[in-house]
Amino acid sequence: MTEAVLDIDDVAVSLGDVRVLDGVSAAVDRGTFVGLVGPNGAGKTTLLRTLNAALRPDEGTVRVTGQNVAELSAKEVGRLVATVPQDTSLSFDFSVRQTVEMGRTPYLSRFGGMRPEDHELVDRAMKQTAVDEFADRAITAISGGERQRVLLARALAQDTPLVLLDEPTASLDINHQVRTLELVRELVDDGKTVVAAIHDLNLAAHYCDELLLLGEGRILASGPPESVLTESTLERAFGANAVVSRHPVTGSVYVTALPDQRTHGEADGRVHVVGGGGSAARHLYLLSAAGYDVSVGALNEGDSDTETARQLGLDTVTVNPFAPVDAAARKTVTEYVERADVTLVVDIEIGEGNLANLEAARAADELVLVETRPFAERNYAGESAARTYETLRSRATVVTPDEVLGAVTAAIERARTPTPAQHDY
Amino acid sequence: MQTTTKTAVWSAALCGLLLVVVLVSAGIGPVSIPATTVAKTMLNAIAVPTSFSVSLGHFSLVGITVPLPAPEIGTVHPFAFDVRDSHATIVTNIRLPRIVLGAVVGFSLAAAGVVMQGFFRNPMADPSIIGVSSGAAVGAVLAIIAPFALPFGLQLQGAAFLGAILTAFGVYLIATEGGKTPVATLLLAGVAVQTLLGALTSFMLLHSGESLRQVVYWLMGHLDNTSWNEVLVAAAIVPPLFAILVLHTRDLNVLLLGEEDAHSLGIEVARTKKLLLAVASVMTAAAVSVSGVIGFVGLIVPHILRLLVGPDHRILLPTSALAGASFLVATDTIARSGTAELPVGIVTAALGAPFFLYLLRRQEVHKL
């Protein structure tokens, strides 16, 4: 059995009259990296401040290695929990070494100075975080990323079983975000226990062993990233329209937040898109963000337009990779085209494999064609394809890629206005 | 260099400087006395205790007489240099009390200034930031223009001390809500109370009649007519308080990180803040009540020393205090050596402000 370094039991905290945390319970085992995620105002910082006894819970207890931190002196807590702040307000010219040495404060007697073992721990912490190269520079003269490492070194010098990080990457550029979290990851692999409030869900998913999802002062989900970051929990916690997939490179859970269709797009109508090879991605995104019900196909599995469509949560007709559009797929596409108010054909290259899509588009009420070069240049399916395209083009609105949204909107209006009755006088 | 070594070297150098300043200063005046004679006189005064007995005596502190067991110590003077009597009298009874008081006052103000600037993390913080000097001024002016209005037979210095302490405590109470004393509130409450007390002092000045000159003189800060009694009172109050501050220099460093950080590094923030504020205020009150309002010592000396030795309070506090002592002794020497004696407060301000502006333009004092 692993030993719980941190045990949060039914904690409730109020700030003023507002109950910020309510009934929060969690346990963190030794050697785990726990990411604290959740929307702004969910109580992440409040929870961290309760863990290091800066705040006293109204109810419940926080135990670190079995000891209730609310009942300990600041010095005793300082030996159990180290906190890495977002940044330091230290504006005096303390050197990097002096700043790291401050981590030894909870161990020093008022009447004595640093002992050899204190110096040893400071040196080791500086080496681990690679701040020893600029140990004598002033804390005000180094970059934000370096300063974050110095603060981490200070926390390591504190030699505590538990380290807390409050948005350690909030003010860093992308390179330093990754470097900082890589460093924390290494420390955890060496046996440290870390709880970090992290804003970026994808960084949290990639680096943390477990996530605690806070929302409205409660824990909405906890466990491994893939079990916490699901579309339904994200919807609950953030009210966000997010898509969860696997990152193609790292294989970690990957969250993409999308513009909220319910609030962003007011547009109403169905659009079917014929595309492929990434040519439709931008149009899919814009149409879906505008609020249209978008379907797309048929596309090959693995096509980048297919990925985009999946991430946007669109109805997608697919066939196997490199396979031609078969009869079944063609039938489905025709159904989508018939149901749609408008069909958009992007200027893709047409071969025998996807000619069926073009033929299915003939069923459309309203057509919008994107053209940046003549069809002849992208026709690999011969004379019959050219004839089909010409049929479509004769009754379509032909636009450049930038005009798509406007053309679709206009076409939908036409499709929805009943044809005036013909009167013969 | 290790902090302790660095502190020792700097402190020793500044002690040496102080000694030189004192020797030179005691020689300057209407009667010029060579520094060697001053040194001999001072050595002659050194007494080594040989026997010890205790009898019940009385001790007078800030005008209040309390019965106290008085130790009686038999002494031997190890040195007996030949010094002319008139010179010995001038040095021991006239110049040295004033010089030693100046040193103690400068020491206190500079030390309190370091603490207040660190505590408030504000470059404009001075020892009187929570109204100590304004309170002392009200007490002192009241003692001068209406001595009959004071309770308990308080003297001028007692009244000033009481005014200072009451004001500091009042400001603290005003700024405290629900057991918390936010530094920003404390600062603003201090400014407001200083303004209010300034108005009160001005009003009393208008009605001070014949004592106007004496009141103005006190308000400008001065060290003349000093007796060994005042020196003893100040010297009894200041060292123990300074010792408390020295024991909290590491806490002061950590407090610079901000209260939240300081807490996570094991500092009992609320208790430490209260203690530092109280000690620095009492030190300031002790200095101001014997010398009047001497400005700028507590503001610029810490700034200059921070540029020289860095921001670490373990070295900044003792060095600033020693430098403050030298600075005030030197400026007071200038103040009393002109044809007409000036209040030393005028000299410290007149010398200190331009020097500070020079530093401000040249160095990055504003980075604080």
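- The name recorded for chain B in an unreviewed UniProt entry is Iron complex transport system permease protein, from Halogranum rubrum.
- Annotation of chain B in UniProt includes, under Subcellular location (unreviewed entry), the sentence "Cell membrane".

- Identification of chain A as Cobalamin import ATP-binding protein BtuD from Halogranum rubrum is taken from an unreviewed UniProt entry.
- UniProt, in the comment section headed Catalytic activity (unreviewed entry), describes chain A in these words: "an R-cob(III)alamin(out) + ATP + H2O = an R-cob(III)alamin(in) + ADP + phosphate + H(+)".
- Recorded in UniProt for chain A, the comment headed Subunit (unreviewed entry) runs: "The complex is composed of two ATP-binding proteins (BtuD), two transmembrane proteins (BtuC) and a solute-binding protein (BtuF)."

Details of the overall build of chain A
Line of reasoning, step 1. Assigned secondary structure in chain A consists of 15 helices and 18 strands.
Line of reasoning, step 2. Radius of gyration (C-alpha) of chain A: 29 Å, far over the 22 Å computed for a compact globule of 425 residues.
Line of reasoning, step 3. Considering only C-alpha atoms, chain A reaches an extent of 110 × 45 × 45 Å along its principal axes.
Line of reasoning, step 4. When burial is assessed residue by residue, chain A has 52% of its 425 residues classed as buried.
Line of reasoning, step 5. Residue pairs in contact within chain A that sit at least 24 positions apart in sequence constitute 66% of those at least 6 positions apart.
Line of reasoning, step 6. In the structure as shown, chain A presents an accessible area of about 19100 Å², 47% of it carried by carbon and sulfur atoms.
Line of reasoning, step 7. For chain A, the separation between the mean place of its 39 positive charges and that of its 64 negative charges on side chains is 4 Å.

A closer look at the sheet that holds strand E10 (residues 218-223) of chain A
Residue and element names in this part refer to chain A.
Line of reasoning, step 1. Spatial strand order, E6-E7-E8-E3-E9-E10: 6 strands in an open sheet with mixed pairing. Since the sheet does not close on itself, it has two edges, and those belong to strand E6 (81-84) and E10, each with one partner. Across the sheet, the axes of successive neighbouring strands diverge by a mean angle of 20°, strand direction being ignored.
Line of reasoning, step 2. Across 4 bridges, strand E3 (residues 33-37) lies against strand E8 (residues 193-197) in parallel orientation. If you follow Gly35 over to E8, its bridge partner there is Ala196.
Line of reasoning, step 3. Of the strands in this sheet, E3, E6, strand E7 (162-166), E8 and strand E9 (210-215) are in contact with helix H1 (residues 44-51), which crosses E7 at around 150°.

Comments concerning the domain arrangement of chain A
Think of interface size as the accessible area that goes away when the parts come together; that is how it is often given.
Line of reasoning, step 1. Domain annotation for chain A reports domain 1 (4-224) and domain 2 (270-416).
Line of reasoning, step 2. Here the C-alpha centroids of domain 1 of chain A and domain 2 of chain A sit 52 Å apart.

Details of the packing of aromatic side chains
How two aromatic rings sit relative to each other is set out by the distance from centre to centre and by the angle between their planes.
Line of reasoning, step 1. Using the criterion set out here, one finds 4 aromatic pairs over all chains in the structure.
Line of reasoning, step 2. Of note, Arg104 of chain A hangs over the ring of Tyr107 of chain A, and the distance from its end group to the ring centre comes to 4.1 Å.

Quick notes on the interface of chain B and chain A
Line of reasoning, step 1. With 25 residues of chain B at the interface, the matching set in chain A holds 34 residues.
Line of reasoning, step 2. Buried area between chain B and chain A, summed over both chains or domains, comes out near 2500 Å², and the portion from carbon and sulfur atoms is 55%.
Line of reasoning, step 3. Counting every contact that joins chain B to chain A gives 3 salt bridges.
Line of reasoning, step 4. The tally of links from chain B across to chain A stands at 12 residue pairs in polar contact (both at pLDDT 80 or more).
Line of reasoning, step 5. Looking at the side of chain B that touches chain A, the elements with two or more residues in it are helix H9 (249-255) and helix H10 (259-264) of chain B.
Line of reasoning, step 6. By residue class, the composition of the side of chain B that touches chain A is 8 nonpolar, 7 polar and 10 charged.

Quick word on the packing of helix H10 (residues 281-290) of chain A against helix H11 (residues 304-312) of chain A
Residues and elements named next belong to chain A.
Line of reasoning, step 1. Direction vectors running N to C along H10 and H11 enclose 15°, while the axes themselves pass 9 Å from each other. Comparing the axis directions of H10 and H11 gives the class roughly parallel. As H10 packs across H11, the resulting crossing turns out to be right-handed. Each of Ala281, Leu284, Tyr285 and Ser288 in H10 lies in contact with H11, whose residues at this interface are Asp305, Thr308, Ala309 and Leu312.
Line of reasoning, step 2. The residue makeup of the contact of H10 with H11, split by class, is 5 nonpolar, 2 polar and 1 charged.

Topic: a nonpolar patch on the surface
Line of reasoning, step 1. Residues Leu43, Ile46, Val48, Phe79 and Phe81 of chain B make up a contiguous nonpolar surface patch of roughly 370 Å² in combined accessible area.
Line of reasoning, step 2. For Phe81 of chain B, the location among the structural elements is in the loop between strand E2 (64-76) and helix H3 (85-120).

Thoughts on the sheet that holds strand E4 (residues 59-64) of chain A
In any sheet, the strands associate via hydrogen bonds between backbone groups, in a parallel or an antiparallel arrangement.
Residues and elements named next belong to chain A.
Line of reasoning, step 1. Pairing in this open sheet of 4 strands is antiparallel, and the strands run E2-E1-E4-E5 from one edge to the other. Across the chains shown, the open sheet's two edge strands, defined by having one partner strand only, are strand E2 (18-29) and strand E5 (67-68).
Line of reasoning, step 2. In the sheet, strand E1 (residues 4-15) pairs with E2 via 8 bridges, with the strands oriented antiparallel. Bridged to Leu6 within E2 is Val28.
Line of reasoning, step 3. The strands touched by H1 are E1, E2 and E4; relative to E1, the strand with the most contacts, the crossing angle is about 120°.

Quick look at the nonpolar core
Across soluble globular proteins, you tend to see nonpolar side chains buried next to one another.
Line of reasoning, step 1. In terms of nonpolar packing, the biggest core is built from 153 residues, with Phe33 and Leu229 of chain A together with Val105, Phe120, Ile130 and Leu186 of chain B touching the most fellow members.
Line of reasoning, step 2. With 18 residues, H3 of chain B is the single largest residue contributor to this core.
Line of reasoning, step 3. The residues touching Val105 of chain B, leaving out its near neighbours within four places in the chain, are Leu223, Ala287, Val290, Ser291, Ile294 and Leu328 of chain B.
Line of reasoning, step 4. The next biggest cluster of nonpolar side chains, apart from the first, holds 30 residues, and it includes Leu48, Leu51, Ala53 and Leu72 of chain A.

Focus on the environment of Ala168 of chain B
Residues and elements named next belong to chain B.
Line of reasoning, step 1. Note that Ala168 resides in helix H5 (residues 156-175).
Line of reasoning, step 2. For Ala168, a relative accessible area of 8% corresponds to the buried category.
Line of reasoning, step 3. It is 8.2 Å that separates the C-alpha atoms of Ala168 and Gly190, two residues lying 22 residues apart in sequence.
Line of reasoning, step 4. What Ala168 contacts, discounting residues up to four positions off in sequence, is Ile130, Val132 and Ser281.

Rules used throughout
- Each chain has its residues counted from 1, running along the sequence as written.
- Each chain gets a letter, beginning with A, and each ligand a number, beginning with 1, in the order they are written.
- Residue-level local features of this predicted model are given only where pLDDT is at least 70; pairs of side-chain atoms are given and counted only at 80 or more, and the full residue set underlies all totals for whole chains, interfaces and linings.
- Side-chain numbers come from the whole structure's heavy atoms, not from hydrogens or water.
- UniProt positions are given in the numbering used here, feature names are shortened, and annotations may be inferred rather than shown by experiment.
- Helix and strand assignments follow DSSP, with helices taken as H or I runs no shorter than four residues and strands as E runs no shorter than two, numbered in order from the N terminus.
- Radius of gyration: over C-alpha atoms. The globule rule applied is 2.2 Å multiplied by the number of residues raised to the 0.38 power.
- Residue burial is assigned from relative accessible area. The probe radius is 1.4 Å, only protein chains are included, and a residue is buried under 20% of its type maximum, exposed over 50%, and partly exposed in between.
- Note on definitions: a residue-residue contact is assigned when non-hydrogen atoms from the two residues lie within 4.5 Å.
- Per-residue and other accessible areas were derived by the Shrake-Rupley procedure at a 1.4 Å probe size, with only the shown protein chains allowed to occlude residues.
- When charges are tallied, Lys and Arg are placed among the positive residues and Asp and Glu among the negative ones, while His and the ends of the chain are skipped.
- Where a charge lies is defined by one atom per residue type: Lys uses NZ, Arg uses CZ, Asp uses CG and Glu uses CD.
- Strand pairing follows a simple DSSP-based rule, namely that at least 2 bridges must link the two strands.
- Lines are fitted to the C-alpha atoms to define the axes, a helix being fitted only along its stretch in contact, and any angle between axes, read from their N-to-C directions, falls within 0 to 180 degrees.
- Note that domain bounds follow an automatic or database assignment of domains.
- What counts as a ring pair is set by centres within 6.5 Å for rings of Phe, Tyr and Trp (its six-membered ring), and what kind of pair is set by the plane angle: stacked under 30 degrees, edge-to-face over 60, tilted for all other angles.
- Either the NZ atom of lysine or the CZ atom of arginine qualifies as a charge over a ring when it sits within 6 Å of the ring centre and within 35 degrees of the ring normal.
- Once two parts are joined, some of their accessible surface, as seen by a 1.4 Å probe, is lost; buried area is that loss totalled over both.
- The salt bridge definition used is simple: a Lys or Arg side-chain nitrogen within 4 Å of an Asp or Glu carboxyl oxygen.
- Polar contacts, as used here, are pairs of N or O atoms within 3.5 Å; protein pairs need one atom able to donate a hydrogen and one able to accept it. Residues neighboring in sequence count only if both atoms are side-chain atoms.
- Residue classes follow a fixed rule: Ala, Val, Leu, Ile, Met, Phe, Trp, Tyr, Cys and Pro count as nonpolar, while Asp, Glu, Lys and Arg count as charged, and any other residue, Gly among them, counts as polar.
- Oblique is the label for any angle not under 35 degrees, not over 145, and not in the 65 to 115 range, which are roughly parallel, roughly antiparallel and roughly perpendicular in turn.
- Helix crossings fall into two classes, left-handed where the near helix is turned counterclockwise from the far one by less than a right angle and right-handed where it is turned clockwise.
- Residues with no salt bridge and a relative accessible area higher than 30% make up the patches, which join like charges within 9 Å and nonpolar side chains (Val, Leu, Ile, Met, Phe, Trp, Tyr) within 5 Å.
- Each nonpolar core is a collection of buried residues, namely Ala, Val, Leu, Ile, Met, Phe, Trp, Tyr and Cys, held together in the definition by side-chain atoms within 4.5 Å.

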